Amino acid sequence: MMGYARDLVCRECRARYPLEPRYVCERCFGPLEVSYDYTAIRERLHPERIAMRPPSMYRYRELLPLEEDEEPVDLGVGYTPLLHAPRLGKLLGMEHLYLKCDTTNPTHSFKDRVVSVAVTKARTFGFEAVACASTGNLANAVAAHAARGGMKAFIFVPSGLERPKMLTTGIYRPVVVEVEGTYDDVNRLCAELAEEYRWAFVNVNLRPYYSEGAKTLAFEVAEQLGWRAPDHVIVPVASGNLLVKIHKGFEELTGLGLIPPHPIRFHGAQPEGCAPVARAFAAHADTVMPVRPSTIAKSLAIGNPADGVYVLSIVRKTGGIVEMAGEEEIVEGIRLLAETEGIFTETAGGVTVAVLRRLASQGLIDPEEVVVAYITGMGLKTLEAVEGVVEAPIRIPPSLRAFEESVLSRVPGNLAGTLGDR
Ligand SMILES: *Cc1c(COP(=O)(O)O)cnc(C)c1O
Ligand SMILES: [Zn+2]
């Protein structure tokens, strides 16, 4: 049974292709994107109908490239919390700051959304093996979803990734290949491998399907805000796919009449050690010059971002900015989010919070406006980034006297109220 996706369309010359595992336009080498029958979707997709469905990214399945009866390879992805952040908001002068917490996905990053769609299509297209070039989180998500879908997995990563990300990938028993080089070297190798082997490279030959999964980060936020758009979104940028597809997601909802038309300012966040898009933005350039990454935000370390120019154009068109965060700011961002709101994010989230602070200090956000910051990955995966900044416990022998001598003297003032009469 046919779903609502109709064909693949070239983003540059609008040439059309059937829904197959292909990703570049044969005429102009532009990237391909899934198109839909929006008239049919409009008939079917109403907020009441969506509300009756399970809390999953597949509650919006008409807007994903799935056939009507296609069973997704799913570990329970999506419908992650959108949390109001009053304490961080107060600090930054924002009354309506919200955090979209994709730390709670099955493999603890937003990559589960894109990978669930890609592995589903890989299985439907008859592939036996899935593969990817990854900066870490994608490796986790592909390895887990391949296991779930009963498929083999080949994972290619640059050398020097965080140890937790390697272990949380290896546990699913994929073939993991560590390539001596940067992510961009790995990606080039995978483009060659995709020509040689009949594997479903989730972010190469299945990229048009893969990338659609990221739209659900717009759909969920709109629904969680009561079917409306925020005034600002802050999105971390690696390849740029996430930002581009959140934009497409909000546009689709507006076109379908599911949210009222409302301008959203899109802001991109990059680490200073890998900020090709932020630098192009600052230089008013239309092209993105590749860089060689060197940053603790390894999940954002893509020096030659495939969707960089599309990010630039969306950010400029919507009146946003692409800003960068230094290494120390990233760690401070992680810390600040943890201590103000109880959310432990990985380095990419630290970049997002750091850029949110910069936006606030530049006065770009009105206190009344609704702001959504995307927290895309979980802190346990990048423990090494915070190892040096978290205070050691206060060690004492097991006696009341030792407690009073060693601990009470050091308790910060704001905890004194918990001590009663003493
Ligand atoms: C991959 C990733 C991103 C950015 O994704 P792109 O779509 O490549 O821009 C952001 N945050 C985390 C945690 C990621 O793993
Ligand atoms: Zn084309």
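Here, the structure is the one placed above.
Residues numbered from 1 in each chain as written. Chains lettered and ligands numbered in written order. Predicted model: local features only at pLDDT ≥ 70, side-chain atom pairs only at ≥ 80, totals over all residues. Heavy atoms only, no water.

K.L.:
Which parts of the structure should I look at to understand the overall build of the chain?
P.N.:
A count of helices and strands for the chain gives 15 helices and 13 strands. Here the chain holds 422 residues, and the buried ones make up 57% of them. Look at the contacts in the chain between residues 6 or more apart in sequence, and 71% of them connect residues 24 or more apart. Accessible area of the chain: about 18,400 Å², with a carbon and sulfur share of 53%. Between the mean site of the 45 positive side-chain charges and the mean site of the 53 negative ones, the chain shows a separation of 2 Å. (Helix = DSSP H or I, 4+ residues; strand = E, 2+ residues; numbered from the N terminus. Buried < 20%, exposed > 50% of the residue type's maximum accessible area, 1.4 Å probe, protein only. Contact = heavy atoms within 4.5 Å. Areas by Shrake-Rupley, 256 points an atom, 1.4 Å probe, with all protein chains shown as cover. Lys, Arg positive; Asp, Glu negative; His and termini not counted. Charge placed at Lys NZ, Arg CZ, Asp CG, Glu CD.)

K.L.:
Where do I start with the sheet that holds strand β3 (residues 32–36) in this structure?
P.N.:
Pairing between the strands of a sheet is mediated by backbone hydrogen bonds and can be parallel or antiparallel. If you walk across this open sheet you meet the three strands as β2-β1-β3, and the pairing is antiparallel. The outermost strands of the open sheet, each flanked by one partner alone, are β2 (16–17) and β3. By the bridge criterion, five bridges tie strand β1 (residues 5–10) to β3 in an arrangement that is antiparallel. Looking at β3, one finds that Leu8 is bridged to Val34. (Pairing = 2+ DSSP bridges.)

K.L.:
Explanation requested: the pairing of β3 in the structure shown.
P.N.:
Working note: regular strand, side chains alternate between the two faces of the sheet. Of all five residues that make up β3, five are buried, and the element is covered over most of its length. Judged by which residues are buried, β3 turns out to be covered on both faces: Leu32, Val34 and Tyr36 on one side and Glu33 and Ser35 on the other are all buried.

K.L.:
Where do I start with the coordination of the zinc ion (ligand 2) in this structure?
P.N.:
Under ideal tetrahedral coordination, the four donors around a metal are separated by 109.5 degrees; under ideal octahedral coordination, the six donors are separated by 90 or 180 degrees. Protein coordination of the zinc ion (ligand 2) is provided by Cys10 (SG), Cys13 (SG), Cys25 (SG) and Cys28 (SG), with donor distances spanning 2.3 to 2.4 Å. Considering all four donor atoms around the zinc ion (ligand 2), angles at the metal cover 98 to 116 degrees and the coordination shape is tetrahedral. When the donors of the zinc ion (ligand 2) are listed by position in the chain, the intervening gaps give C-x2-C-x11-C-x2-C. The exposure class of Cys13 is partly exposed, given its relative accessible area of 33%. (Donors = N, O, S within 2.8 Å, 3.2 Å for Na, K, Ca; no water. Tetrahedral: all angles 85-135°; square planar, octahedral: opposite > 155°, others 65-115°.)

K.L.:
Please explain the pattern of salt bridges as it appears in this structure.
P.N.:
If charged atoms from side chains of opposite charge come close, those side chains can pair. Counting across every chain of the model gives 31 salt bridges. Put simply, Lys165 and Glu346 hold a salt bridge, and the shortest N to O gap is 3.5 Å. Residue Lys165 is located in helix α6 (residues 163–170), and its partner Glu346 is located in the loop between α13 (327–341) and α14 (347–361); the two are separated by 181 residues in the primary sequence. Of the two residues, Lys165 and Glu346, neither departs from the other in class, the shared state being buried. Through salt bridges with shared partners, one network takes in Glu33, Glu212, Lys215, Lys245, Lys248 and Glu252. (Salt bridge = Lys/Arg side-chain N within 4 Å of Asp/Glu carboxyl O.)

K.L.:
Explain the side chain of Glu62 to me, please; I cannot follow it from the model alone.
P.N.:
Locating Glu62 in the fold gives a position in the loop between α2 (47–51) and β4 (82–84). On the basis of relative accessible area, Glu62 is assigned to the buried category, the value being 3%. Separated by 2.7 Å, the side chains of Glu62 and Arg44 make a polar contact. If sequence neighbours within four positions are ignored, Glu62 has contacts with Tyr4, Tyr36, Ile41, Arg44, Leu45 and Arg53. (Polar contact = N/O pair within 3.5 Å; in protein donor to acceptor, adjacent residues only side chain to side chain.)

K.L.:
Quick question: what am I supposed to make of unusual backbone geometry here?
P.N.:
Phi is mostly negative for residues that are not glycine, and the peptide bonds are mostly trans. Phi is positive for His108, which is not a glycine, with a value near 70 degrees. Along the polypeptide, His108 turns up in the loop between β5 (96–101) and α4 (111–124). At His284, a position not held by glycine, the phi torsion is positive, near 55 degrees.

K.L.:
Teacher, can you tell me more about the packing of aromatic side chains here?
P.N.:
Aromatic ring pairs are defined here through the distance separating the ring centres and the angle between the ring planes. In total, this model carries eight aromatic pairs according to the counting rule given. Through pairs of rings, three or more aromatic residues link up here, namely Phe154, Phe156, Tyr197, Trp199 and Phe201. The ring of Tyr310 is capped by Arg11, whose NZ or CZ atom sits 4.3 Å from the centre of that ring. Here the basic side chain of Arg198 rests over the ring of Phe127, its NZ or CZ set 4.3 Å away from the ring centre. (Phe/Tyr/Trp six-rings, centres within 6.5 Å; stacked < 30°, edge-to-face > 60°. Lys NZ or Arg CZ within 6 Å of the ring centre and 35° of its normal.)

K.L.:
Sorry, what's going on with the nonpolar core here?
P.N.:
Where a protein is soluble and globular, its nonpolar side chains tend to be buried together. Counting 132 residues, the largest nonpolar core has Val130, Phe156, Phe201, Ile246, Phe250, Leu356 and Tyr374 as the members making the most contacts within it. Top element by residues in this core is α14. It accounts for seven residues. (Core = buried A, V, L, I, M, F, W, Y, C linked by side-chain atoms within 4.5 Å.)

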